[in-house]
Amino acid sequence: MRLGDRGRDEHRLKFTVAQAEVRRPLDEEGEDIITVDSFGGRIAVKGDGLLDPSRVRVSDVTLSADNTEVSVAGEIILGAPGLVPAFTADVAARADLGAALAHLHLPVAIKGGATLSARVEGKAGAKDLTAVGQLETASVTVDQFDLGSLRTRFTANEREVRVEDAAWAWAGTTLRGDATVALDDALHTSVRASADTFSV
């Protein structure tokens, strides 16, 4: 860990963790252990010294574990105490679904790969939350049932999630379309899809 001081208004921290373990007790006996292969990044704190910061900027923050890597960069704008601060974050993730989801102890085995990139924003008080990004999965299986591969763009806010320009390759057919899921009690959903040999 290295701390740099650029005067009263900015302090910079660079940190690296070579390896760590995260332990979580299970409902039944025993515990789940996640071994973190590496964790590190850079943090810049702006404001009237470290005890009265106004904003925090993170960059090159990367965590690697279980053949999965997540990186985050963005800024947190601090406000009134007790209020969730405003923020912007660029998130990128690459995951081995089998290794990552094993810690959830699901009743079925899920395997495959996934990559995700998204920009997430929110105003103070957790208001006007939005996310824009894209998702790709490859060779996904659920309990040995092949679900193929998916590539899509998505947008989300407090009211709905929109899936756009989706392409799902499965069983020799590529299904294309989009969908909207309302974030209400009933999760009302609309879907439009088509393929070379049939349409819905």
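Preceding this section is the structure that the text describes.
Overview of the structure.

What counts, and at which threshold
- Residues numbered from 1 in each chain as written.
- Predicted model: local features only at pLDDT ≥ 70, side-chain atom pairs only at ≥ 80, totals over all residues.
- Heavy atoms only, no water.
- Helix = DSSP H or I, 4+ residues; strand = E, 2+ residues; numbered from the N terminus.
- Contact = heavy atoms within 4.5 Å.
- Buried < 20%, exposed > 50% of the residue type's maximum accessible area, 1.4 Å probe, protein only.
- Phe/Tyr/Trp six-rings, centres within 6.5 Å; stacked < 30°, edge-to-face > 60°.
- Pairing = 2+ DSSP bridges.

## Remarks on the environment of Leu97
Then, in step 1: Relative to the assigned elements, Leu97 resides in helix α1 (residues 97-101).
Then, in step 2: Separated by 17 residues in the primary sequence, Leu97 and Ala114 have C-alpha atoms spaced 6.9 Å apart.
Then, in step 3: Sequence-distant contacts of Leu97, that is, excluding residues within four places in its chain, are made with Ala102, Ile110, Lys111, Gly112, Gly113, Ala114 and Val140.

## Re unusual backbone geometry
Then, in step 1: The phi dihedral of Asp66 is positive, around 50 degrees, even though this residue is not glycine.
Then, in step 2: A relative accessible area of 25% places Asp66 in the partly exposed class.

## A word on the packing of aromatic side chains
Then, in step 1: Taken as a whole and assessed by the stated rule, the structure comprises three aromatic pairs.
Then, in step 2: With a centroid separation of 5.3 Å and 65 degrees between ring planes, the pair formed by Phe15 and Phe39 is classed as edge-to-face. A residue pair is termed long-range when its members are at least 10 positions apart, and Phe15 in strand β2 (residues 10-17) and Phe39 in strand β4 (residues 31-47) qualify at 24 residues.
Then, in step 3: In this structure Phe15 comes out as buried when scored by relative accessible area, which is 14%.
Then, in step 4: Under the relative-accessibility criterion, Phe39 is labelled partly exposed at 31%.
Then, in step 5: In textbook terms, an aromatic cluster arises when at least three aromatic residues are bridged by ring pairs, as seen for Phe145, Trp168 and Trp170.

## A look at the pairing of strand β13 (residues 189-194)
Then, in step 1: Where strand β12 (residues 173-182) lies against β13, six bridges are found, and the strand directions are antiparallel. Bridged to Ala179 within β13 is Val191.
Then, in step 2: Linkage of β12 to β13, two consecutive antiparallel strands, is achieved through a turn of six residues, within which Leu187 is found at a positive phi near 50 degrees.

## Some thoughts on the environment of Gly125
Then, in step 1: Its place among the elements puts Gly125 in the loop between β8 (110-123) and β9 (127-142).
Then, in step 2: We classify Gly125 as partly exposed; its relative accessible area is 28%.
Then, in step 3: The sequence separation of Gly125 and Gln19 amounts to 106 residues, and the corresponding C-alpha distance is 34 Å.
Then, in step 4: Beyond its immediate chain neighbours, meaning those up to four positions away, Gly125 contacts Leu83 and Val84.

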